[in-house]
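Each chain, written out:
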Amino acid sequence: MAVRYQIRGSSAADISASVEAGVRTGELPPGAALPPVRTLAATLGVSPATVASAYRTLRQRGLVETAGRHGTRVRSRPPVAGTRAARRLPPAAGLCDLSTGEPDPRLLPDLGPHLRQVAADLPAPASYRDAGTWPELAALGRARLAADGVPVTALTVTSGALDGIERLLAAHLRPGDRVAVEEPGWANLLDLVAALGLEAVAVPVDEDGPAVAGLRRALASGARAVVVTSRAQNPTGAAVSADRCAQLRSVLTGYPQVLVVEDDHAAELSSVPLHTLAGTTASWALVRSVSKPYGPDLRLAVLTGDEATVARVEGRMRLGAGWTSTLLQRLVAALWQDDQVAAKVASAREAYDRRRSALCQALTERGLVAYGRTGINVWVPVPDETRVVAALREAGYAVAPGALHRLGTSPEGAIRITVSPLDEAGIGPLADAVLAAVSGRGAAHGV
Ligand SMILES: Cc1ncc(COP(=O)(O)O)c(C=O)c1O
């Protein structure tokens, strides 16, 4: 993306502040290319080392990334709240937005009755003294995790899975440390890792989870932590199978000091069982979010792990945010105990399974390759993703470009299609549009 923003400054600090200001105001939007080091140095009349130092600082803070011959660019979600960029543009009229990775709001349980019940049952407003992990939620969380074979001893509550993962990485790693992540992987995690100043090491994924050889390579390269998505891997839909779990465990046994983080964000929405790596190494944690089955705005996840790791997370939280509101904890406990809510979640699970399988089948019938074993997304390798994304937009569909999910090391293109907004009738026309976009036959109007 060519951008005309004048970066200013005569020192590394001024130059990086100028770039940051451009990101904040939206004049350097996500994906914007920064000038090559030598070009900017000549423009500003400073040494290349000064510009290189500014770019390095920006990279360590996760604002920009450098991808070989593509040069240095603003990351897709830099850790600076933009004044203009932060305002989300509504999707263009008539566009079917399949780019979000969000659950279908129609399939989420209605929170109203439980909110009213929580309000009615509140003994008194909680004080600082009463706050923390609410025992009833902890007991329910333990039982649910234990039923899935997770060896729960210590447990705490965080503001969602990503909050838990951030706290875990901060508790064990220091800037510059390596962390093994899935590739393709969840864009928000890749951005978080960059913002923490950690170095992501790619572990390829297939439908059964992280590749064994890839994990072995990442660990041999010095990764101090590994983040694995248990089920509904974003973007590929992979889920760790029983065999893969055993193989990954056997590799991890050789690295007892590595922190293993499992992200079970799909939780009750997943139709395949959990196969956990919990307890293979001394430091481990499994985070289970309620965002996908019950609603992203609940901002809650339960986090279990070895005692030292959970104590670090909880102890650090006490010094900052303190705890996850007990109002939210009570609400989730109420949802977890309601049979009607459980039935609604089960029917959501079936609906996602149907939409995903139908889309995968429709794409396969048209000669395309599609992955989507679990979850709410379908991952479609395509030859030139920028062109395919643009052609699909012309045809009335927004999809996510694969680049958001890569570390930049893979030359292969792909798109991610979120099935949440799709109904049965929409699947055939969408598959036709994808085929037309891939084969360059111009726009097929499907919406
Ligand atoms: C892999 C993965 N983990 C976690 C989440 C959600 O986590 P949170 O609990 O922070 O909402 C998502 C949401 O898309 C995801 O794709």
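Residues numbered from 1 in each chain as written. Predicted model: local features only at pLDDT ≥ 70, side-chain atom pairs only at ≥ 80, totals over all residues. Heavy atoms only, no water.

Another aspect to go through is the pairing of strand 8 (residues 225–229). Counted residue by residue, strand 8 has 5 buried out of 5 residues, so it is predominantly covered. Residues A225, V227 and T229 of strand 8 are buried on one face, and the alternating residues V226 and V228, pointing to the opposite face, are buried as well. Here strand 5 (residues 178–183) runs beside strand 8; their pairing, made up of 2 bridges, is parallel. Pairing of A180 across the sheet is with V226, part of strand 8. (Buried < 20%, exposed > 50% of the residue type's maximum accessible area, 1.4 Å probe, protein only. Helix = DSSP H or I, 4+ residues; strand = E, 2+ residues; numbered from the N terminus. Pairing = 2+ DSSP bridges.)

On to the pattern of salt bridges. Following the criterion strictly, the structure yields 20 salt bridges and no others. Salt-bridge contacts for R75 lead to E65; the nearest nitrogen and oxygen are separated by 3.4 Å. With R75 in the loop between strand 2 (72–74) and strand 3 (96–97) and E65 in strand 1 (residues 64–66), the pair connects residues that are 10 residues apart, well separated along the chain. We note a salt bridge from R231 to D264, for which the minimum N-O separation is 2.9 Å. (Salt bridge = Lys/Arg side-chain N within 4 Å of Asp/Glu carboxyl O.)

Relative to the helices and strands, R231 resides in the loop between strand 8 and helix 9 (242–252). Its relative accessible area of 4% is what places R231 among the buried residues.

Here the focus is the packing of aromatic side chains. Tallied over the full model, the rule gives 1 aromatic pair. Taking the centre distance of 6.0 Å and the plane angle of 85° together, the rings of Y128 and W323 count as edge-to-face. Within this pair, whereas Y128 is found in the loop between helix 4 (112–121) and helix 5 (135–147), its partner W323 is found in the loop between helix 11 (307–319) and helix 12 (326–336), the two being separated by 195 residues in sequence. Since its relative accessible area comes to 29%, W323 is described here as partly exposed. (Phe/Tyr/Trp six-rings, centres within 6.5 Å; stacked < 30°, edge-to-face > 60°.)

Time to look at the pairing of strand 15 (residues 413–418). Of all the 6 residues making up strand 15, 6 are buried; the element is thus mostly covered by neighbouring parts of the structure. Alternating positions in strand 15 separate into two faces, G413, I415 and I417 on one and A414, R416 and T418 on the other, with burial throughout. In the sheet, strand 12 (residues 377–382) pairs with strand 15 via 6 bridges, with the strands oriented antiparallel. Within strand 15, the position partnered with P381 by the bridge is A414. Sheet topology note: the strand 14 (residues 400–401)/strand 15 ladder contains 2 bridges and is antiparallel.

Okay, the site of the ligand next. Taken together, the neighbourhood of the ligand is formed by G160, A161, L162, W186, N234, D263, H265, S289, S291, K292 and R299. Measuring from an oxygen atom of the ligand, one finds a backbone N or O atom of L162 at 3.1 Å. At 2.6 Å, a side-chain N or O of K292 approaches an oxygen atom of the ligand. For the shell around the ligand, the elements supplying multiple residues, two or more each, are helix 6 (161–172) and helix 10 (291–294). Considering only residue class, the shell around the ligand consists of 3 nonpolar, 5 polar and 3 charged. (Near = heavy atom within 4 Å. Polar contact = N/O pair within 3.5 Å; in protein donor to acceptor, adjacent residues only side chain to side chain. Nonpolar A, V, L, I, M, F, W, Y, C, P; charged D, E, K, R; others polar.)

L137, L359, L363, L392, I415, I417 and V434 are the most contacted members of the largest nonpolar core, which totals 79 residues. Broken down by element, this core gets its largest block of residues, 9 residues, from helix 13 (residues 339–365). Apart from residues no more than four positions distant in its own chain, V434 is found in contact with L363, L368, L392, I415 and I417. Ranked by size, the runner-up nonpolar core spans 24 residues in total, among them A154, L162, V310 and V313. (Core = buried A, V, L, I, M, F, W, Y, C linked by side-chain atoms within 4.5 Å. Contact = heavy atoms within 4.5 Å.)

Bringing the sheet that holds strand 8 into the picture now. Spatial strand order, 4-11-10-9-8-5-6-7: 8 strands in an open sheet with mixed pairing. Looking at the sheet topology across the chains shown, the edges are occupied by strand 4 (154–158) and strand 7 (209–210). As paired elements, strand 4 and strand 11 (residues 301–305) share 5 bridges and run antiparallel to each other. Looking at strand 11, one finds that T156 is bridged to L303. Where helix 5 meets the sheet, it contacts strand 4, strand 10 (283–289) and strand 11, and its direction lies at approximately 115° from that of strand 4. (Axes fitted to C-alpha atoms, helices over the stretch in contact; angles between N-to-C directions.)

Position of Q361 among the secondary structure elements: in helix 13. On the basis of relative accessible area, Q361 is assigned to the partly exposed category, the value being 49%. Remark: the alpha-carbon pair of Q361 and G428, spanning 67 residues in sequence, is separated by 9.9 Å.

Bringing the sheet that holds strand 15 into the picture now. Adjacent strands of a sheet pair through backbone hydrogen bonds, lying either parallel or antiparallel. Spatially, 12-15-14 is the arrangement adopted by the 3 strands of the open sheet, whose pairing is antiparallel. One side of each edge strand has no neighbouring strand; the edge strands of this open sheet are strand 12 and strand 14. Strand contacts of helix 13: strand 12 and strand 15, with the helix running at about 20° to strand 12, the strand carrying the most contacts.

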